[in-house]
Amino acid sequence: MAKSSKSFACTECGNVTSKWSGRCEACGSWNTIVEETPLSSGPAKKSLGASRGRAVSLTDLGGVESPPPRTSCGLDELDRVLGGGLVPASAILVGGDPGIGKSTLLLQAAAAFAGAGLKVIYASGEEASAQVRMRARRLGLAQASVQLAAETNLRDILTTLETEAPDLVVIDSIQTMWADNVDSAPGSVAQVRAAAHELTQFAKRRNTSVVMVGHVTKEGQIAGPRVVEHMVDTVLYFEGDRGHQFRILRSVKNRFGPADEIGVFEMTGQGLAQVPNPSALFLSERGDPSPGSVVFAGIEGTRPVLCELQALVAPSPHSQPRRSVVGWDGGRLSMILAVLEARCGIPFAGLDVYLNVAGGLKISEPAADLAVAAALLSAREDVAVPAESVVFGEISLSGALRPVGQTENRLKEAQKLGFTSAITPKGGKAGETSGLSLTQSGDLAAFVGEVFGAG
Ligand code: TYD
Ligand code: MG
């Protein structure tokens, strides 16, 4: 028998190497490298070019394709994240932390698509049918025409799908699926890849949409959803903070629609409820104006979303002061602190700095720079920013303020929610159309002077 050479794979990013190491060279994660049995361990086959294959038919780029017909499930938040409904024969990955609500979301989605006339199968490798039925009863979906299967053997599932020919199948989760032609444990990189590959192929071949659930894992032995992201058409992440009831479904890749779109849900006792007006929800917990609290007018996908940033600045007992961030990028916080110090002469040395995005939201827009700076200054100077203002704008390393995209949308949303003024960079298409009074500054030093007095 041929001696099989060892190979190792990273469970985080799927990078394959010939030797083990504590840290993945490709993605930098620690303790994620595990041994994998290679897919084929036989002697090398003849090169593909050596024997003749079948000629592939070629076409030109021109020609009219009608846009894919989509099915809306009626859950607007989900339909929008999918790019306007479910595309037939698409492969979708839904990633998220364990316990965040993926199974709940997909059972509700399965029932909604069944209600829209699709034939839907929900295959669970994690829960017995009785458990899924119990959940369905809790969600008030016991009457939905969804067919259940509790199975982990991929061959059996595919055989069933071939005969049943559903329009949509949900696989919960891809890490529990077991392809018997692959010689490694369920959940390993090779198994997860093989299962996702088979299911994606099935989707294209039989015109069935496949939704796969992928747990984001931190333990090394189970492969994460990132190892299959490249295979599927659409990648959605279900995010949220267990301490909050808000959940955000975010599209990070979509071959049939805009990426970066979000849907907002709220976890309730009867499952996930849609949140059509996220700004109102994110601001609902806001109390009286207090130092360190600032409302940022952001854009998530195609929608404006207002949320509260909170900063706390306190003398540090440590030689190295703390910088702690929840919901924003720590590197970007350091940059803003450095710009405040270098361009405005406002030092934060010897001060602990805490920054939090209220409601468990995660913000990645540079447009939040100015709102962060305002929150930091307001906390440091112990002066509240006027409660009826929103703030947004990008800060460059020179201390200049740059206008950001979709200024109008941000201002309109602020006005809709009862704000009367906005603090923004100079320039940008703004102003006249909105009824807000604007405070505009060209650079950070001018902003400090205008909003916080002398600075
Ligand atoms: P679940 O969908 O099982 O998470 P995942 O599939 O991502 O692991 O959701 C688990 C959590 O959701 C659990 O802690 C209970 C909570 N939950 C509710 O609050 N309300 C509900 O109606 C349901 C079904 C679950
Ligand atoms: Mg689950």
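Residues numbered from 1 in each chain as written. Chains lettered and ligands numbered in written order. Predicted model: local features only at pLDDT ≥ 70, side-chain atom pairs only at ≥ 80, totals over all residues. Heavy atoms only, no water.

Let's talk about the pairing of strand S14 (residues 303–315)
Phase 1: Direction of pairing for strand S13 (residues 293–300) relative to S14: antiparallel, over a ladder of 8 bridges. Looking at the pairing, alanine 297 lines up with leucine 306 of S14.
Phase 2: Linkage of S13 to S14, two consecutive antiparallel strands, is achieved through a turn of 2 residues, within which glycine 301 is found at a positive phi near 65°. (Pairing = 2+ DSSP bridges. Helix = DSSP H or I, 4+ residues; strand = E, 2+ residues; numbered from the N terminus.)

Some thoughts on the nonpolar core
Phase 1: The biggest cluster of nonpolar side chains holds 63 residues, and the ones touching the most others in it are Phe296, Trp328, Phe348, Ile363, Leu376, Leu444 and Phe447.
Phase 2: The dominant element in this core, judged by the number of residues it contributes, is helix H8 (residues 369–381), at 9 residues.
Phase 3: Taken domain by domain, this core gets at least three of its residues from each of domain 2 (76–276) and domain 3 (281–452).
Phase 4: Not counting residues within four places of it along the chain, the set of residues in contact with isoleucine 363 comprises Phe296, Cys307, Leu309, Gly327, Trp328, Val357 and Ala368. (Core = buried A, V, L, I, M, F, W, Y, C linked by side-chain atoms within 4.5 Å. Buried < 20%, exposed > 50% of the residue type's maximum accessible area, 1.4 Å probe, protein only. Domains from an automatic or database assignment. Contact = heavy atoms within 4.5 Å.)

Details of the site of ligand 1
Phase 1: Not every one of the 16 residues close to ligand 1 is listed here, only the nearest: Gly99, Lys102, Ser103, Thr104 and Gly271.
Phase 2: Taking glycine 101, its main chain carries an N or O atom lying 3.0 Å from an oxygen atom of ligand 1.
Phase 3: Burial of ligand 1 by the protein chains amounts to 74% of its free accessible area of 560 Å².
Phase 4: Grouping the amino acids of the shell around ligand 1 by side-chain chemistry returns 4 nonpolar, 8 polar and 4 charged. (Near = heavy atom within 4 Å. Polar contact = N/O pair within 3.5 Å; in protein donor to acceptor, adjacent residues only side chain to side chain. Areas by Shrake-Rupley, 256 points an atom, 1.4 Å probe, with all protein chains shown as cover. Nonpolar A, V, L, I, M, F, W, Y, C, P; charged D, E, K, R; others polar.)

Some details on the domain arrangement of the chain
Phase 1: Domain assignment breaks the chain into domain 1 (1–38), domain 2 (76–276) and domain 3 (281–452).
Phase 2: For domain 2 versus domain 3, the separation of C-alpha centres amounts to 37 Å.
Phase 3: Taken residue by residue, the interface counts 16 residues in domain 2 and 12 residues in domain 3.
Phase 4: Each partner contributes to the roughly 1,200 Å² buried at the junction of domain 2 and domain 3, and carbon and sulfur atoms together form 55% of this total. (Buried area = accessible area lost by both parts, 1.4 Å probe.)

Concerning helix H5 (residues 189–206)
Phase 1: The terminal C-alpha atoms of H5 lie 26 Å apart, and with 18 residues this matches the ideal 26 Å at 1.5 Å per residue to within 8%.
Phase 2: Among all positions in H5, only Val189, Ala190, Gln191, Val192, Ala194, Ala195, Ala196, Leu199, Thr200, Phe202 and Ala203 are buried.
Phase 3: Where H5 is buried, its residues touch strand S1 (7–10), strand S3 (33–36), strand S4 (91–96), helix H4 (154–164), strand S7 (168–172) and strand S8 (209–215).
Phase 4: Following H5 by one or two positions, asparagine 207 adopts a phi angle in the positive range, close to 55°. (Expected span 1.5 Å × (residues − 1).)

Some remarks on the sheet that holds strand S16 (residues 351–357)
Phase 1: Spatially, 7 strands are ordered S15-S16-S14-S13-S17-S20-S21 in an open sheet, and the strand pairing comes out mixed. Two strands lie at the open edges of the sheet, namely strand S15 (323–326) and strand S21 (437–441), each paired on one side alone. Adjacent strand axes in the sheet meet at a mean angle of 25°, parallel and antiparallel pairs treated alike.
Phase 2: Pairing geometry for strand S17 (residues 389–391) and strand S20 (residues 421–425), over 3 bridges, is parallel. Bridge assignment links valine 390 to a residue of S20, and that residue is alanine 422. (Axes fitted to C-alpha atoms, helices over the stretch in contact; angles between N-to-C directions.)

Brief notes about empty space enclosed by the protein
Phase 1: Taken as a whole and assessed by the stated rule, the structure comprises 7 cavities of 30 Å³ or more.
Phase 2: In this structure, the largest cavity spans a volume of roughly 120 Å³.
Phase 3: If you go around the largest cavity, you meet 15 residues; those closest to its centre are Leu78, Leu106, Ala109, Phe113 and Val211.
Phase 4: Of all the secondary-structure elements, those providing two or more residues to the lining of the largest cavity are S4, helix H2 (102–115) and S7.
Phase 5: Sorting elements by how many residues they give to the lining of the largest cavity places H2 first, with 5 residues.
Phase 6: Looking at the lining of the largest cavity, its residues break down into 15 nonpolar, no polar and no charged.
Phase 7: In this model, the second largest cavity occupies a volume close to 80 Å³.
Phase 8: Lining the second largest cavity, in full, are Arg286, Gly287, Asp288, Pro289, Ser290, Ser293, Val294, Val295, Val385, Pro386, Ala387 and Ser389. (1 Å grid on protein atoms, 1.4 Å probe; cavity = no way out; pocket = protein on both sides within 12 Å on 5 of 7 lines; lining within 4 Å. Points joined across faces, edges and corners; volume = space filled by probe spheres on them.)

Side note on the sheet that holds S3
Within a sheet, each strand pairs with its neighbour through backbone hydrogen bonds, oriented either parallel or antiparallel.
Phase 1: Across the sheet, which stays open at both edges, the 3 strands sit in the order S2-S1-S3 with antiparallel pairing between neighbours. Each edge of the open sheet carries a strand with a single partner, namely strand S2 (16–17) and S3.
Phase 2: By the bridge criterion, 4 bridges tie S1 to S3 in an arrangement that is antiparallel. Counterpart to serine 7 in the pairing with S3 is glutamate 36.

Observations regarding the environment of glutamate 450
Phase 1: The residue glutamate 450 is located in helix H10 (residues 444–452) in this model.
Phase 2: Here glutamate 450 falls in the partly exposed class, since its relative accessible area comes to 46%.
Phase 3: Remark: the alpha-carbon pair of glutamate 450 and threonine 439, spanning 11 residues in sequence, is separated by 8.0 Å.
Phase 4: Setting aside its immediate chain neighbours within four residues, glutamate 450 contacts Thr439, Gln440 and Ser441.

Quick notes on unusual backbone geometry
Phase 1: Of the consecutive residues aspartate 172 and serine 173, the connecting peptide bond is found in the cis state with omega at 0°.
Phase 2: Mapping serine 173 onto the fold places it in the loop between S7 and H5.
Phase 3: Positive phi, close to 55°, is recorded for asparagine 207, a residue that is not glycine.
Phase 4: Following the sequence through the fold, asparagine 207 ends up in the loop between H5 and S8.
Phase 5: The phi angle at aspartate 382 is positive, at roughly 60°, despite the residue not being glycine.
Phase 6: You can see aspartate 382 is positioned in the loop between H8 and S17.
Phase 7: What makes aspartate 382 exposed here is its relative accessible area of 58%.

Details of the packing of aromatic side chains
Phase 1: Across all of its chains, the model carries 3 aromatic pairs by this definition.
Phase 2: Seen in terms of ring centroids, phenylalanine 246 and phenylalanine 282 are 5.2 Å apart; in terms of plane orientation they differ by 75°. Their pairing is edge-to-face. Taken together, the residues phenylalanine 246 in strand S10 (residues 246–254) and phenylalanine 282 in helix H6 (residues 278–283) connect sequence positions 36 residues apart.
Phase 3: Residue phenylalanine 246 is classed as buried on the basis of its relative accessible area, which comes to 4%.
Phase 4: Taking 6.2 Å as the distance between ring centres and 80° as the angle between the ring planes, the aromatic pair formed by phenylalanine 447 and phenylalanine 452 counts as edge-to-face. Just as phenylalanine 447 is buried, phenylalanine 452 falls in that class too.
Phase 5: Sitting over the face of the ring of phenylalanine 348, arginine 380 holds its NZ or CZ atom 5.5 Å from the ring centroid. (Phe/Tyr/Trp six-rings, centres within 6.5 Å; stacked < 30°, edge-to-face > 60°. Lys NZ or Arg CZ within 6 Å of the ring centre and 35° of its normal.)

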